[in-house]
Amino acid sequence: MSVFERWLSLWVFLCIVVGIGLGWLAPDAFAQIARIEVARVNLPVAGLIWLMITPMLLRVDFTALGQVGRHWRGIGVTLFVNWAVKPFSMALLAWLFVAVLFRPWLPADQIDGYVAGLIILAAAPCTAMVFVWSRLTGGEPNFTLSQVALNDAVMIVAFAPIVGLLLGLAAITVPWATLLISVGLYIILPVIAAQIVRRMVLARRGEAGLERLLNRLGPASITALLATLVLLFGFQGEQILAQPLVIGILAVPILIQVYFNSALAYGLNRAAGEAHCVAGPSALIGASNFFELAVAAAISLFGLNSGAALATVVGVLIEVPVMLSVVWIVNRSKGWYEAGPAVRRNAEQER
């Protein structure tokens, strides 16, 4: 385990503190950065997100889709939670907590933005950090790889329709042109670029060459992640300090969503008799969010200072420490999981 992975929560916390502090001390500088945009796409954020996710996407081998049948129970559970449960449960939780229960304590003109941001946050499963979560739970690498490849393929066609549907149900106007540009810029183009580079490296240098490239790009990807956190929390620093109650309220549906979906995926895998090394990453993939895409899409759709952007940034604030707690739960409950009758029966049949 790398130093980054071992102290992940600490690095993230420090970047959040630095970002908020810089945003409060130098708001004009961050305002200048915020104005560097084309067609409502903030170029510094876009560049960092590309640098962050493209090295991770180099690990995705779409030929791994041929291995989907090897862990069909885990794949089926994860797909069900990711695409049939998570976006819709978040839409329900956002409506319940933001638009109804806590409405009197929130700025009235930002309610729709907060709901939109939470929906966008939950509408795509995590791609980049999943490899870290899987490694921390001793996950089956071939399952993780094939699941990520399948989710990326589904995301290309499903992200925009699901976001459009749920925003429409919430009576929020959908800027379809901007939404489709975001899908192209933050999903389709990085996937294509990563696959082109992957094939070129494999053709010239083989698997060993690809691994060397990934090792060299790893620090750049991590640096981009930390820089993105500083930048995002710098943009929202004044709002976060001025509205601590809003941050707490937005955290409630995110926390419930993560624990509910991870528990659902974990429990369904146990009932189906899937191995723990598959159920662990399945639970984490089922619960985690593609926050890089969510933040970029929210900024593109609604603007840097919108309620939607703030909601997705709160998602970043919650994501890492909460996912690490899910990792801890999955690892500590391995004995209980493997005592399940379906798990024991399938394990005996495979011997």
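All values derive from a computational prediction rather than experimental measurement. (Residues numbered from 1 in each chain as written. Predicted model: local features only at pLDDT ≥ 70, side-chain atom pairs only at ≥ 80, totals over all residues. Heavy atoms only, no water.)

Peer 1: Describe the layout of surface pockets, naming the residues involved and giving the relevant values.
Peer 2: Over the atoms, a rolled probe matching the size of one water molecule traces out where space is still vacant. Estimated volume of the largest pocket: approximately 380 Å³. Mapped onto the lining of the largest pocket, the elements with two or more residues apiece are α7 (130-136), α8 (141-169) and α9 (176-235). With 5 residues, the single largest contributor to the lining of the largest pocket is α9. Here the residues of the lining of the largest pocket are counted per class, giving 5 nonpolar, 3 polar and 6 charged. (1 Å grid on protein atoms, 1.4 Å probe; cavity = no way out; pocket = protein on both sides within 12 Å on 5 of 7 lines; lining within 4 Å. Points joined across faces, edges and corners; volume = space filled by probe spheres on them. Helix = DSSP H or I, 4+ residues; strand = E, 2+ residues; numbered from the N terminus. Nonpolar A, V, L, I, M, F, W, Y, C, P; charged D, E, K, R; others polar.)

Peer 1: Which residues make up the packing of aromatic side chains, and what values go with them?
Peer 2: Tallied over the entire structure, the rule returns 5 aromatic pairs. If you follow R270 out to its NZ or CZ, it ends over the ring of W336, 3.8 Å from the centre. (Phe/Tyr/Trp six-rings, centres within 6.5 Å; stacked < 30°, edge-to-face > 60°. Lys NZ or Arg CZ within 6 Å of the ring centre and 35° of its normal.)

Peer 1: Can you explain empty space enclosed by the protein? Please cite residues and give values.
Peer 2: Taken as a whole and judged by the stated rule, the model has 2 cavities of 30 Å³ or more. In terms of lining, the second largest cavity is formed by I53, L57, T127, D152, M155, Y186, I187, P190, V191 and F290. At the level of secondary structure, the elements contributing two or more residues to the lining of the second largest cavity comprise α4 (43-57), α8 and α9. The residue inventory of the lining of the second largest cavity, partitioned by class, reads 8 nonpolar, 1 polar and 1 charged.

Peer 1: If you had to explain the nonpolar core to someone new, which residues and values would you point to?
Peer 2: Formed by 121 residues in total, the largest nonpolar core has its most connected members in W133, F159 and L250. Considering each element in turn, this core owes the most residues, 19 residues, to α9. Not counting residues within four places of it along the chain, the set of residues in contact with L250 comprises V98, Y114, L118, L310, A311 and V314. (Core = buried A, V, L, I, M, F, W, Y, C linked by side-chain atoms within 4.5 Å. Buried < 20%, exposed > 50% of the residue type's maximum accessible area, 1.4 Å probe, protein only. Contact = heavy atoms within 4.5 Å.)

Peer 1: Break down the packing of α8 against helix α12 (residues 276-287) for me, with residues and values.
Peer 2: Put simply, α8 and α12 touch, their axes get as near as 10 Å, and they point 30 degrees apart. For the element pair α8 / α12, the angle class is roughly parallel. In this structure, α8 meets α12 at a crossing whose hand is right-handed. Across the interface between the two elements, F143, T144, Q147 and N151 from α8 touch V278, P281, S282 and I285 from α12. Taken together, the residues that form the contact of α8 with α12 break down as 4 nonpolar, 4 polar and no charged. (Axes fitted to C-alpha atoms, helices over the stretch in contact; angles between N-to-C directions. Parallel < 35°, antiparallel > 145°, perpendicular 65-115°, else oblique. Left-handed = near helix turned anticlockwise from the far one by under 90°.)

Peer 1: Explain the side chain of Q147 residue by residue, including any values.
Peer 2: Summarising the element assignment, Q147 is placed in helix α8. There is a polar contact of 3.2 Å between the side chain of Q147 and the side chain of T78. Setting aside chain neighbours within four positions, we find Q147 in contact with G74, I75, T78, L79 and I285. (Polar contact = N/O pair within 3.5 Å; in protein donor to acceptor, adjacent residues only side chain to side chain.)

Peer 1: An account of α4 is needed here, citing residue identities and associated values.
Peer 2: With 15 residues, α4 extends 20 Å from end C-alpha to end C-alpha; this agrees with the ideal 21 Å at 1.5 Å per step. When we look at burial in α4, the residues that qualify are V45, A46, L48, I49, M52, I53, T54, P55, M56 and L57. Where the residues of α4 are buried, they touch β2 (41-42), α7, α8, α9 and α13 (291-302). (Expected span 1.5 Å × (residues − 1).)

Peer 1: Give me the lowdown on the packing of α4 against α9, citing residues and values where you can.
Peer 2: Packing of α4 against α9 brings their axes to within 3 Å, and their N-to-C directions diverge by 140 degrees. The pairing of α4 with α9 is recorded here as oblique in orientation. For the element pair α4 and α9, the recorded crossing hand is left-handed. Among the residues forming the contact of α4 with α9, the class breakdown is 28 nonpolar, 4 polar and no charged.

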